[in-house]
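Residues per chain are reported as follows:
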Amino acid sequence: MSANAPTFVELKQELLDVLDRHIDLLKTVPSIEIEHLDGVLFMMRSLGFMLDRAPKVLALEDLTEMHFMMFQYYSLLSELKYNLVLNFSYASLEGIPLLTIIASFPTTYETAMKQWWEDRTGLAVEETKQTIEIAAFQ
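Below or above, wherever it landed, is the structure these notes cover. (Residues numbered from 1 in each chain as written. Predicted model: local features only at pLDDT ≥ 70, side-chain atom pairs only at ≥ 80, totals over all residues. Heavy atoms only, no water.)

**Describing the overall build of the chain**
Secondary structure assignment for the chain yields six helices and two strands. Helices and strands in the chain line up, N terminus first, as α-α-α-α-β-β-α-α. Across the 138 residues of the chain, 38% fall into the buried class. Accessible surface, the chain: about 8000 Å² in total, of which carbon and sulfur atoms supply 55%. (Helix = DSSP H or I, 4+ residues; strand = E, 2+ residues; numbered from the N terminus. Buried < 20%, exposed > 50% of the residue type's maximum accessible area, 1.4 Å probe, protein only. Areas by Shrake-Rupley, 256 points an atom, 1.4 Å probe, with all protein chains shown as cover.)

Next up, the structure:
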């Protein structure tokens, strides 16, 4: 990786911030309107899936595992944003659109982790696998 690649400590702090944001989200939602439940459940399951390995990675203190974890997090977060726009654009929590909520999750080292993946595998990371133009991302 390049000289300005994030350190383990920086990536660890980003992951801790992600987990903190997720916990805050879980503890501050007093209710979910039934017409928004499918979108909220999709978002929560997606967050659970993308963060499932986080405790193990934090305990290991292994830079390669942290790189994999953060690359996966950033990639799945991006996919979640597309899925929310395409399938659950109407859904909100307490009047806040789900996409706005997800946009508040940190992405500080997303570009660096994509570069790490490309350097490691020789594969180019596409910004999206979508084949249509989505105005919300322009």
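Read on for the rest.
**Regarding the environment of Ser-78**
Here Ser-78 lies in helix α4 (residues 63-87). Judged by its relative accessible area of 15%, Ser-78 is buried. Each C-alpha atom, one on Ser-78 and one on Glu-110, is 9.8 Å from the other, the two residues being 32 residues apart in sequence.

**Thoughts on the packing of helix α1 (residues 8-28) against helix α2 (residues 37-51)**
Each pair of packed helices gets described by two things: the angle between the helix axes and the distance between those axes. Relative to each other, α1 and α2 sit at 150°, their axes nearing to 12 Å. One finds that α1 runs roughly antiparallel with respect to α2. In this structure, α1 meets α2 at a crossing whose hand is left-handed. Facing Leu-15, Val-18, Leu-19, His-22, Leu-25 and Leu-26 of α1, the residues of α2 in contact are Met-43, Met-44, Leu-47 and Leu-51. For the contact of α1 with α2, a count of residues per class yields nine nonpolar, one polar and no charged. (Axes fitted to C-alpha atoms, helices over the stretch in contact; angles between N-to-C directions. Parallel < 35°, antiparallel > 145°, perpendicular 65-115°, else oblique. Left-handed = near helix turned anticlockwise from the far one by under 90°. Contact = heavy atoms within 4.5 Å. Nonpolar A, V, L, I, M, F, W, Y, C, P; charged D, E, K, R; others polar.)

**Here we look at the nonpolar core**
Generally speaking, nonpolar side chains in soluble globular proteins are found buried as a group. Ranked by internal contacts, the top residues of the largest apolar core, which has 34 residues, are Met-43, Leu-47, Met-70 and Tyr-73. When contributions to this core are tallied by element, the ones reaching two or more residues are α1, α2, α3 (54-60), α4, α5 (98-103) and α6 (110-121). Examining the composition of this core, we find that nine residues originate from one element, α4, more than from any other. (Core = buried A, V, L, I, M, F, W, Y, C linked by side-chain atoms within 4.5 Å.)

**Some points on unusual backbone geometry**
You will see that Glu-61, though not glycine, has its phi angle at about 55°, which is positive. Relative to the elements of secondary structure, Glu-61 occurs in the loop between α3 and α4. Overall, the relative accessible area of 51% leaves Glu-61 in the exposed class. Residue Glu-94 is not a glycine yet carries a positive backbone phi of 50°. Considering the arrangement of structural elements, one finds Glu-94 in the loop between β1 (92-93) and β2 (96-97).

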